[in-house]
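Inside the fold
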Amino acid sequence: MSQRKESPGKRGALDIRGRIHSETGKGVHGLTVELLDTKFEYVERLNPILTAADGSFTFTYMQEEFPDLFGARPRVFLRVRDRWGGIIHTSDDSIAWQPGQQTINLTLDSEALLAHLRIPTTWEALTGPLIPPERWAQIDAAISLLAPAGEPKHDSFL
Amino acid sequence: MRFETLVEDAFGLLRGDSDARERFTASLGLLEQRQPDTVLRTDLGDIAVFERWHALVTEALNEHPGYEMQRVVPEERLVPVLLAAVYAGSLEPGGADRYLSILNNQLCGVSKLDTVWNAALGALGGDGQGLTYFRSVLEQVGTECGPHDGPLIEPKSNPCPIPWPPPRDFDPFKIPPRELKQILCMLEARIEVGRKPSLVLPYNITAITPQAACVGDTIVITGSGFGSTLQKVSFPVLGGGRAAVNPKTWTNSRIEVDVPVGATCGNLELLIPSGTVKTCDGYLDLIQPGSGAAHFDGSAPEIRSFTANGKTGILRVDPNATVTLAWDTCPASNTTVGLEIRTETSILYSQPAVPTTGTFLVTVPNYNVVTRLDCKLTASNPCTVGQPPATATIALAVAKTPNLKVEGMEITQGIQTFWRQGVAANSLSTIANKDTIVRVYVSADMGGFNNDEVHSVTGTLKIGSLKLHPINGITPTDPSGVYPFITARKVSNIDRSQTNHTLNFRIPAYYAHGTQSLLADIIAPLGDGTYQIVSQPTSWTWETKTAVPIRFIRITDLRPPPVGTGTQPTENQARYTLQRAFELLPSPATDIAPAWYATHDTTRDFTNSDLFGLLQDLWGVHAQPDPATGQPDPANWIGLTVPLNRGLADGVACVSPMYQQSQGLGYERIRAAHELSHNMGACHPFMPDCQARGFKDDPLDDVPFDPYWNQTLAGTVYDYMSYSGSTLQPWISPANWNYLRSVIP
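The present account deals with the structure reproduced in this document. (Residues numbered from 1 in each chain as written. Chains lettered and ligands numbered in written order. Predicted model: local features only at pLDDT ≥ 70, side-chain atom pairs only at ≥ 80, totals over all residues. Heavy atoms only, no water.)

**Examining the overall build of chain A**
The helix and strand inventory of chain A stands at three helices and nine strands. Taking all 158 residues of chain A together, 41% fall into the buried category. Per element, the accessible surface of chain A, about 8,900 Å² overall, is 53% carbon and sulfur. (Helix = DSSP H or I, 4+ residues; strand = E, 2+ residues; numbered from the N terminus. Buried < 20%, exposed > 50% of the residue type's maximum accessible area, 1.4 Å probe, protein only. Areas by Shrake-Rupley, 256 points an atom, 1.4 Å probe, with all protein chains shown as cover.)

Take a look at the structure:
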């Protein structure tokens, strides 16, 4: 499901922004959002972007950077890929390339997001030492299966 | 350097915190100093080079389908740091590759642990092959270690499988997959951040007006490169966090924003996104770094630090010492700071306006007793009108450092020689398998300060590996009344007859045998949360003596009423009486049991003459054969009665009233021990024949310690075989202790 809204926006710029969220309303991090023209003539120049942690994305095209597009005014549409490159959404409507701001909010169902969310999406700040203590403990436990400390030759080369 | 700090700063940096960026790059610079010189290539050109490598590495990794290897350093820890290194480096020429190179060098040593750890997991799986492989991995690692598990004296050159940046002849198909995974993460970070054009144009703040403002007031941020899209402004807040707020207006060069609740001094950050990057299968949002005069002076006053000689909380200082108080408050532009130093009753110093950041030297008065000085800093500004000021307090505990000393350790089972002129301390033997009390004498000397008294001194006593705690305060009637603290005092003020002038420990009978090392650790608080600890070791040997066998007969008082009571001691009462009796005797109380003739009914009057008749009754039975052995019982017999009467003993049997806890300290406490001792040949010291044997009817020279009641017997104490001072608590004398030792095998 998608919702679209148009507003004047900045002069001389096409600003397409929005948010992609799941059915729970939570933003989806790391989806690739592509802006494509319907004739696929400018695909190489319209770089895809990734959604932020809150699911938001923003495309901004300044007229001075893309004079030919502002001249040709192609119609463009959105396509969304998951982390594996699978296409999980293609917008039904196309947008006219003209200065102004377009807001597009998408709700993707759980089936579409299943593969993307299969592994954690966001790197979180963890605390603790470089090597977690439990990993040292596992190495120690394995060493104890060999010659235990206190026995002859426990500290010599195996 | 702590890795946690590096990770924290990495996240701060990725979220636009310029202070975190400075700390992070400084940390990497320090790490660089620790590694061998490397020449960093700067001819890498553009991102396309890395993209080609990325494609190659991906292809090489695909050669290992299903390859899964856990890393000893979890990716959650590693990836943000790699990404932050690239991000920080992207602001300076060649920086991204320099920082990645530093991290790569630091981490390549860790990569060997990946192999060890994965092999360890295999070994723990219970598979014999896994164990063999783990052994072989350790063998390999062992050959790469120097003596005593230290580093090799001549480290191998180029220890990293893949240097960063990869060399021109880099062939990912020759690289182990675990290394490929790491380099893939690094390449992804490098490429993703390298694609961000916004990084070369960070925003710049030229002014914040006003510099300080109260919560809800509007400040204006001016500068350049803010962009035209409204974003959030991040304020530092009290407690160390940050608050992101929506500004009222936003243009490329001017932002108006209201100061949020809790805002304090520090750099403001404009949360201008510079995109989301994918590295190592996870995503992170980047915030544009900023530059310029981003310092906001704060809102309500904050005392950022207040220290005395660099410390917070409580500081112990000597009388007459000089202490440096130092503080830092904000906002610096509009805060009034006051300093007051006071005791509980008087103000020593008060200054209502000191600099917002400053120091003050305090000369502590030459107090002669422990005194607490409270140093209080207050900060107020227009934002706190009608509210209490911010305050911070440091306590100065004025006290001299005590010269604590263990003057000695008395080791006693009730009676011991100690602290007597011309008499060796601890010259009496103690007997194995009996509870033993150790009294630790602790003195303090502070040149007269605080009357040389240090309160709340405690400690432990180790016997072998067993650690004992003080028993001070514990009594049979108050077993939970332990108060394991004493006042250490000048040695001349220690009174041996005072139970709590020493720290007292009980060595349980089970541990009292052979020769044992004892170690007293005495701990004295210094008033600032730190302690002075003094230790005193010693060694002690217990003498082994047999347990004197005692059999008891519970006597029923069948005299006609009203004199007779019809009562008979219970078995528990009989045992209790005898266990207390053995606390005076140099023999373990471990051979106590009912006689084969367990009870005896009597109508005899418990007068002197008739008590002897009762004793004769017991002799008569004692001479009869034990039905179990067919022989008379060789053990001593004791007849125990309930009502109070005198005791009587002669030969192999005796009669004594039972003793109960409710009778407390007093003559009844020792009566059974007295009668049993007669059976072992002890005599009344007031009798001429006894005195002829060398016994004296004098008060004891040493202070007994009742190991049951956990207390000293203060005042005049006579020997338990004496009738002198019979209303007092008597105790066994050293002479009788040694006599009984001589007759007990």
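There's plenty left to go through after this.
**Considering the overall build of chain B**
Helix and strand counts for chain B come out as twelve helices and 35 strands. Of all intrachain contacts in chain B linking residues separated by at least 6 positions in sequence, the fraction that spans at least 24 positions is 69%. Here chain B has roughly 32,900 Å² of accessible surface; of this, 52% comes from carbon and sulfur atoms. (Contact = heavy atoms within 4.5 Å.)

**Topic: the state of the cysteines**
All names here are of chain B. Evaluation of the coordinates by the stated rule reveals four disulfides over all chains. Disulfide partner of C214: C383, at an S-S distance of 2.0 Å. Here the S-S torsion is close to -95°, and the disulfide linking C214 with C383 is therefore left-handed. Of this pair, C214 sits in the loop between β1 (203–209) and β2 (218–224) while C383 sits in the loop between β19 (371–380) and β20 (390–398), placing them 169 residues apart in sequence. Looking at C383, the relative accessible area reads 15%, which means it is buried. (Disulfide = S-S within 2.5 Å.)

**With respect to the interface of chain A and chain B**
Listed by partner, the interface residues are 35 residues for chain A and 41 residues for chain B. At the boundary of chain A with chain B, the tally comes to zero salt bridges. Its residues assigned to classes, the side of chain A that touches chain B shows 21 nonpolar, nine polar and five charged. (Salt bridge = Lys/Arg side-chain N within 4 Å of Asp/Glu carboxyl O. Nonpolar A, V, L, I, M, F, W, Y, C, P; charged D, E, K, R; others polar.)

**Digging into the pairing of strand β16 (residues 336–342) of chain B**
Residues and elements named next belong to chain B. Pairing between β16 and β19: seven bridges, direction antiparallel. Each bridged residue has a counterpart across the sheet, and for G338 the counterpart in β19 is T378. Bridge analysis of β16 against strand β17 (residues 347–354) gives five bridges, and the strand direction is antiparallel. Pairing of L339 across the sheet is with Q351, part of β17. Connecting the antiparallel pair β16 and β17 is a turn made up of four residues. (Pairing = 2+ DSSP bridges.)

**Overview of the pairing of strand β27 (residues 515–525) of chain B**
Residues and elements named next belong to chain B. Inspection of the sheet shows strand β23 (residues 454–463) paired to β27 by six bridges, in the antiparallel sense. From the neighbouring strand, T460 faces β27, where its bridge partner is D521. Taken together, the eleven bridges between β27 and strand β28 (residues 531–541) define a ladder with antiparallel strand orientation. Bridging across to β28, I523 finds its partner in I533. Joining the antiparallel neighbours β27 and β28 is a turn of five residues, in which G527 adopts a positive phi near 95°.

**What to know about the sheet that holds strand β6 (residues 254–258) of chain B**
In any sheet, the strands associate via hydrogen bonds between backbone groups, in a parallel or an antiparallel arrangement. Residue and element names in this part refer to chain B. A sheet is described by the order of its strands in space; here five strands give the open sequence β5-β6-β2-β1-β11, paired in mixed fashion. Only two strands of the sheet have a single partner each, and these edge strands are β5 (249–250) and β11 (290–292). In this structure, β2 lies alongside β6, joined through five bridges in antiparallel fashion. In the sheet register, T222 faces β6, and the bridge partner there is R254.

**Considering a nonpolar patch on the surface**
A grouping of F686(B), M687(B) and Y723(B) is seen on the molecular surface, where their side chains present a nonpolar patch of about 260 Å² in accessible area. Following the sequence through the fold, Y723(B) ends up in the loop between β35 (711–712) and α12 (734–743). (Patch = residues over 30% accessible without salt bridge, like charges linked within 9 Å, V, L, I, M, F, W, Y side chains within 5 Å.)

**Overview of the sheet that holds strand β21 (residues 403–412) of chain B**
All names here are of chain B. A sheet is described by the order of its strands in space; here three strands give the open sequence β21-β22-β26, paired in antiparallel fashion. With partners counted over all chains shown, the strands left at the sheet margins are β21 and β26 (503–507), one partner each. Across the sheet, the mean angle separating the axes of adjacent strands is 20° when strand polarity is ignored. (Axes fitted to C-alpha atoms, helices over the stretch in contact; angles between N-to-C directions.)

**Describing the packing of aromatic side chains**
Under the definition given, this model contains 24 aromatic pairs over all chains. An angle of 40° between the planes, with centres 5.0 Å apart, marks the rings of F686(B) and Y723(B) as tilted. Of the two residues, F686(B) sits in the loop between α10 (671–679) and α11 (688–692) while Y723(B) sits in the loop between β35 and α12, which places them 37 residues apart along the sequence. Residue F686(B) is classed as partly exposed on the basis of its relative accessible area, which comes to 30%. By relative accessible area, Y723(B) is classed as partly exposed at 39%. Considering the side-chain rings of Y708(B) and W709(B), the 5.6 Å spacing of their centres and the 90° angle between planes classify their relative orientation as edge-to-face. An aromatic cluster is defined as three or more aromatic residues linked by ring pairs; in this entry it consists of F57(A), F59(A), Y61(A), F66(A), F70(A) and W97(A). Its guanidinium or amino end placed over the ring of Y739(B), R693(B) lies 5.1 Å from that ring's centre, counting from NZ or CZ. (Phe/Tyr/Trp six-rings, centres within 6.5 Å; stacked < 30°, edge-to-face > 60°. Lys NZ or Arg CZ within 6 Å of the ring centre and 35° of its normal.)

**Looking at the pattern of salt bridges**
All names here are of chain B. Inspection of the entire model under this criterion finds 35 salt bridges over all chains. Residues R551 and D591 are paired through a salt bridge, measuring 3.0 Å at the closest nitrogen-oxygen approach. Highlighted residues: R551 in strand β29 (residues 550–557) and D591 in the loop between α8 (571–582) and β30 (592–602), separated in sequence by 40 residues. Accessibility expressed as a relative area gives 17% for R551, which makes it buried. With a relative accessible area of 25%, D591 lands in the partly exposed category. With a closest N to O distance of 3.3 Å, R604 and D610 form a salt bridge.

**Details of α12(B)**
When α12(B) is considered as a whole, its buried residues turn out to be N736(B), W737(B), Y739(B), L740(B) and R741(B). Its buried side turned inward, α12(B) meets α10 of chain B.

**Focus on the nonpolar core**
In a soluble, globular protein the nonpolar side chains are often hidden away together inside. In terms of nonpolar packing, the biggest core is built from 67 residues, with L14(B), F24(B), L28(B), V81(B) and F134(B) touching the most fellow members. Here this core takes 13 residues from helix α5 (residues 95–124) of chain B, the largest share from any one element. Ignoring anything within four residues of it in the chain, the contact list for F134(B) reads I139(A), A142(A), I143(A), L146(A), V116(B), A119(B), A120(B) and A123(B). Listed in part, the 38 residues of the second largest apolar core include I638(B), A673(B), C690(B) and I732(B). (Core = buried A, V, L, I, M, F, W, Y, C linked by side-chain atoms within 4.5 Å.)

**A word on the packing of helix α2 (residues 18–33) of chain B against α5(B)**
Residue and element names in this part refer to chain B. At their nearest, the axes of α2 and α5 sit 10 Å apart, and the two run at 55° to each other. By the criterion of interaxial angle, the relationship of α2 to α5 is oblique. Classified by chirality, the crossing of α5 by α2 is left-handed. From α2, T25, L28, G29, L31 and E32 reach across to α5, where they touch R98, Y99, I102, L103 and Q106. Broken down by class, the residue content of the contact of α2 with α5 amounts to five nonpolar, three polar and two charged. (Parallel < 35°, antiparallel > 145°, perpendicular 65-115°, else oblique. Left-handed = near helix turned anticlockwise from the far one by under 90°.)

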